[in-house]
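Now for the letters of each chain:
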Amino acid sequence: MHEFLKKLKSRYLMEAVISILAGLVFAILPDWSVGVLGYLVGAVLLTYGVVLLINGAMTSQTPILTLAVILIVVGVVAFFFTQQLLDILFWIFGIFIAVRAAFYLKKSLDLKEIGERHWWVHFILACALLLVGLYVMFDPFQFRRAVVIVMGISLIVDGIESIVVYCRLHAA
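> Run through the overall build of the protein chain, naming residues and quoting values.
In terms of regular secondary structure, the protein chain is built from six helices and zero strands. Of the regular secondary structure in the protein chain, the N- to C-terminal order runs α-α-α-α-α-α. Radius of gyration (C-alpha) of the protein chain: 20 Å, far over the 16 Å computed for a compact globule of 172 residues. For the protein chain, the spread of C-alpha atoms along the principal axes amounts to about 60 × 40 × 25 Å. The burial tally for the protein chain puts 34% of its 172 residues in the buried class. The long-range share in the protein chain, meaning contacts at least 24 apart out of those at least 6 apart in sequence, stands at 75%. On the protein chain, roughly 10300 Å² of surface is accessible, and the fraction owed to carbon and sulfur atoms is 77%.

Structure, rendered in structure tokens:
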């Protein structure tokens, strides 16, 4: 049990730091982040598609070849239609934020049930995260730049929530 808590604490702290750093980049450099994100997605998909294409050609596996071609096409599209692809990714990210916030809401209510005095901190952060997620989901197309800033803020809030959990676990 002690080893499990140690791993859990490390995971929360690492997740928090990564989330806050990524959030700061998105919030401070939204225009740059939009372009880089599109090109990174395109490069990753294109690279993975080429690797699968080589692997599929060497093993003559049609499903792998099919997936490779799809990934290559999506990767190329990401380079030429970055903004449109990112609109879709932002919408998906909004869903991710909202779902994660729902889990945090459940966790905060569980903390209340077991008598945790500061359950309301988790609850407030989860509500804030839920509002951010819903905003990103329902309005990513007109406010692309704002969405990137909101994504950054949501990552920062998410990181702060993870640090709060880390501190509570560290005290345990």
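> I'd like a description of helix α2 (residues 30-59), backed by residues and values.
Between its terminal C-alpha atoms α2 stretches 43 Å, which fits the 44 Å expected from 30 residues at 1.5 Å a residue. By the burial criterion, the buried members of α2 are P30, S33, V34, G35, G38, G42, G49, L52 and G56. Where α2 terminates, the next one or two residues include S60, which has phi positive at roughly 55 degrees.

> Go over the nonpolar core with me, naming the residues and quoting the values.
Judged by nonpolar contacts, the single largest core of 20 residues is most densely connected at F90, L129 and M151. Mapped onto this core, the elements with two or more residues apiece are α4 (82-113), α5 (119-138) and α6 (144-171). Of all the elements, α4 adds the most residues to this core, at seven residues. Discounting chain neighbours no more than four positions away, the residues touching F90 are V34, L37, V136, P140, R144, V147, V148 and M151.

> Describe the pattern of salt bridges, and please don't skip the residues or the numbers.
Within this structure, the stated rule accounts for five salt bridges. When salt bridges with common partners are traced through the structure, they connect E15, R100 and D158 into a single cluster.

> Give me the side chain of S108: which residues, what numbers.
Looking at the element boundaries, S108 is found in helix α4. With residues up to four places along the chain from it excluded, the contact list for S108 reads W119, H122 and F123.

> Provide a residue-level description of the packing of α2 against helix α3 (residues 62-80), including the pertinent values.
Contact geometry of α2 with α3 gives a least axis separation of 7 Å together with a crossing angle of 155 degrees. Relative to α3, the element α2 is oriented roughly antiparallel. Seen along the crossing, α2 lies across α3 with a hand that is left-handed. Residues belonging to the contact of α2 with α3 are distributed by class as follows: 19 nonpolar, six polar and no charged.

Cut-offs applied
Residues numbered from 1 in each chain as written. Predicted model: local features only at pLDDT ≥ 70, side-chain atom pairs only at ≥ 80, totals over all residues. Heavy atoms only, no water. Helix = DSSP H or I, 4+ residues; strand = E, 2+ residues; numbered from the N terminus. Rg over C-alpha atoms; globule rule 2.2 N^0.38 Å. Buried < 20%, exposed > 50% of the residue type's maximum accessible area, 1.4 Å probe, protein only. Contact = heavy atoms within 4.5 Å. Areas by Shrake-Rupley, 256 points an atom, 1.4 Å probe, with all protein chains shown as cover. Expected span 1.5 Å × (residues − 1). Core = buried A, V, L, I, M, F, W, Y, C linked by side-chain atoms within 4.5 Å. Salt bridge = Lys/Arg side-chain N within 4 Å of Asp/Glu carboxyl O. Axes fitted to C-alpha atoms, helices over the stretch in contact; angles between N-to-C directions. Parallel < 35°, antiparallel > 145°, perpendicular 65-115°, else oblique. Left-handed = near helix turned anticlockwise from the far one by under 90°. Nonpolar A, V, L, I, M, F, W, Y, C, P; charged D, E, K, R; others polar.

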